[in-house]
Amino acid sequence: QVQLVESGGGLVQAGGSLRLSCAASGRTFSSYTMGWFRQAPGKEREFVGGINWSGGSIVARDSVEGRFTISRDNAKNTVYLQMNSLKPEDTAVYYCAAGPFRFIVTRDQRGYDYWGQGTQVTVSS
């Protein structure tokens, strides 16, 4: 069983930055594939990006490519989502998720077994 706790959300003006953190319990964090998803009001939850156990495979959706960066610190059992140049359309609840070991990160939500409670990110224009 893995418990995930996100933090770092909040209200920011367009063009600003936020860094989300996701702290995981458990001694096998380093083997997990980690993903970030988001859900805007009235929309389905969508994949933002993911990172494999070594950080060697990082996938980001087109709309955040070049603005968002995913990283992980296995010693701290934490994965990060650095968000720069934020836009109002980035407003959503952001979730981190953990899935089994994979060489290639999956964008499919069904590939993740554990989810955090989510953290709200609001970008004002």
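Residues numbered from 1 in each chain as written. Predicted model: local features only at pLDDT ≥ 70, side-chain atom pairs only at ≥ 80, totals over all residues. Heavy atoms only, no water.

> I'd like a rundown of the sheet that holds strand S3 (residues 18-24), residues and numbers included.
One open sheet accounts for four strands, arranged S1-S3-S8-S7; its pairing is antiparallel. One side of each edge strand has no neighbouring strand; the edge strands of this open sheet are strand S1 (4-7) and strand S7 (68-73). Across the sheet, the mean angle separating the axes of adjacent strands is 15° when strand polarity is ignored. Here S3 runs beside strand S8 (residues 78-83); their pairing, made up of six bridges, is antiparallel. (Pairing = 2+ DSSP bridges. Helix = DSSP H or I, 4+ residues; strand = E, 2+ residues; numbered from the N terminus. Axes fitted to C-alpha atoms, helices over the stretch in contact; angles between N-to-C directions.)

> Can you break down the pairing of strand S5 (residues 46-51) residue by residue, with the values?
Counted residue by residue, S5 has five buried out of six residues, so it is predominantly covered. In terms of strand pairing, strand S4 (residues 33-39) meets S5 through five bridges, oriented antiparallel. Note on S5: the bridge partner recorded for tryptophan 36 is glycine 49. A loop of six residues connects S4 with S5, the two strands running antiparallel in sequence, and glycine 42 in this loop sits at a positive phi of about 75°. Summarising the sheet, S5 and strand S6 (residues 58-60) pair through three bridges and their orientation is antiparallel. Looking across to S6, one finds that glycine 50 is bridged to valine 59. What sits between the antiparallel neighbours S5 and S6 is a turn of six residues, in which glycine 55 has the positive phi angle 80°. (Buried < 20%, exposed > 50% of the residue type's maximum accessible area, 1.4 Å probe, protein only.)

> Can you lay out the state of the cysteines for me, pointing to particular residues and giving the numbers?
Note on terminology: disulfide describes a covalent bond linking the sulfur atoms of two cysteines. Summed over all chains, the structure comprises one disulfide. At a sulfur-sulfur separation of 1.9 Å, the disulfide partner of cysteine 22 is cysteine 96. An S-S torsion of about 45° defines the bridge between cysteine 22 and cysteine 96 as right-handed. A residue pair is termed long-range when its members are at least 10 positions apart, and cysteine 22 in strand S3 and cysteine 96 in strand S9 (residues 92-99) qualify at 74 residues. The exposure class of cysteine 96 is buried, given its relative accessible area of 0%. (Disulfide = S-S within 2.5 Å.)

These values are about where atoms sit, not about what they do.
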